[in-house]
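Fold and geometry: a report
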Amino acid sequence: MSIANLAADEWTLRSRDAAVVTVGLWLDETIAQHRQELTSAGLTGPLTLRYQLNGHDVDGDIRRVREVVEELHETYRWIKTTDTAARPERYALLAQLSEARVMPSEIALMVGVDVRLAERFAGNDEEARIARTLLHHIANDRGVDA
């Protein structure tokens, strides 16, 4: 384990026993150099870092945020996998609703998808409203004349 401290715009990485101290401007480069120096000193294994800013420990905060970010990435991967698996069924339903002249805004309301996705299947919502209104008037006018 080593401590990585950013002070005066410079990273200092110090091994636990302070036998290896590496200084650099950029964290990624300083870590790579620190690994090499640890190996040269006969210290092997994974490098674990604890972080400080100007000598103040911020490692706990960093670890908490990192855990949340990792959980978000896991959740995103699960959502993406589920979305990909459900896509054919969802698209089939959207096509079926479109063929039945359900308007995009209605599809979005019924199925819970974004209107833009529904419009990919059923056309522009405003145009669909105009078309339905015209078809409705034509059908009703014929009914009155007959």
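A brief look at the structure comes next. (Residues numbered from 1 in each chain as written. Predicted model: local features only at pLDDT ≥ 70, side-chain atom pairs only at ≥ 80, totals over all residues. Heavy atoms only, no water.)

Now for helix α3 (residues 104-111). Taken together, the buried positions of α3 are P104, S105, I107 and A108. The buried side chains of α3 occupy one side of the element, clustering within an arc of 160° when seen end-on. Exposed side of α3, more than 90 degrees from the buried face: L109 and M110 are the residues found there. With its phi angle positive at about 90°, G112 sits one or two positions after the end of α3. (Buried < 20%, exposed > 50% of the residue type's maximum accessible area, 1.4 Å probe, protein only. Helix = DSSP H or I, 4+ residues; strand = E, 2+ residues; numbered from the N terminus. Arc of directions from axis to C-beta.)

Once that is clear, we can look at helix α1 (residues 27-40). Relative to the 20 Å expected for 14 residues at 1.5 Å per residue, α1 spans 20 Å between its end C-alpha atoms, a close match to the ideal helical length. What α1 keeps buried is the set T30, I31, H34 and L38. Looking straight down α1, one finds its buried side chains confined to an arc of 100°; they lie on one side. Exposed and oriented more than 90 degrees from the buried face of α1 are D28, E29, Q36, T39 and S40. Positioned one or two residues after α1, G42 has a phi angle of 85°, which is positive. (Expected span 1.5 Å × (residues − 1).)

In this section: the pattern of salt bridges. Under the defined criterion, the tally for this structure stands at 9 salt bridges. Across the salt bridge formed by D61 and R64, the nearest N and O atoms sit 2.4 Å from each other. Within this pair, D61 and its partner R64 are both found in helix α2 (residues 59-99), separated by 3 residues, close to a single helical turn. Since its relative accessible area comes to 44%, D61 is described here as partly exposed. (Salt bridge = Lys/Arg side-chain N within 4 Å of Asp/Glu carboxyl O.)

Packing of α2 against helix α4 (residues 115-122) brings their axes to within 9 Å, and their N-to-C directions diverge by 60°. By the angle class used here, α2 and α4 are oblique. Here α2 runs over α4; the crossing is right-handed. The residues of α4 that touch α2, namely those facing R90, Y91, L94, A95 and S98, are L117, R120, F121 and A122. Of the residues assigned to the contact of α2 with α4, the class counts are 6 nonpolar, 1 polar and 2 charged. (Axes fitted to C-alpha atoms, helices over the stretch in contact; angles between N-to-C directions. Parallel < 35°, antiparallel > 145°, perpendicular 65-115°, else oblique. Left-handed = near helix turned anticlockwise from the far one by under 90°. Contact = heavy atoms within 4.5 Å. Nonpolar A, V, L, I, M, F, W, Y, C, P; charged D, E, K, R; others polar.)

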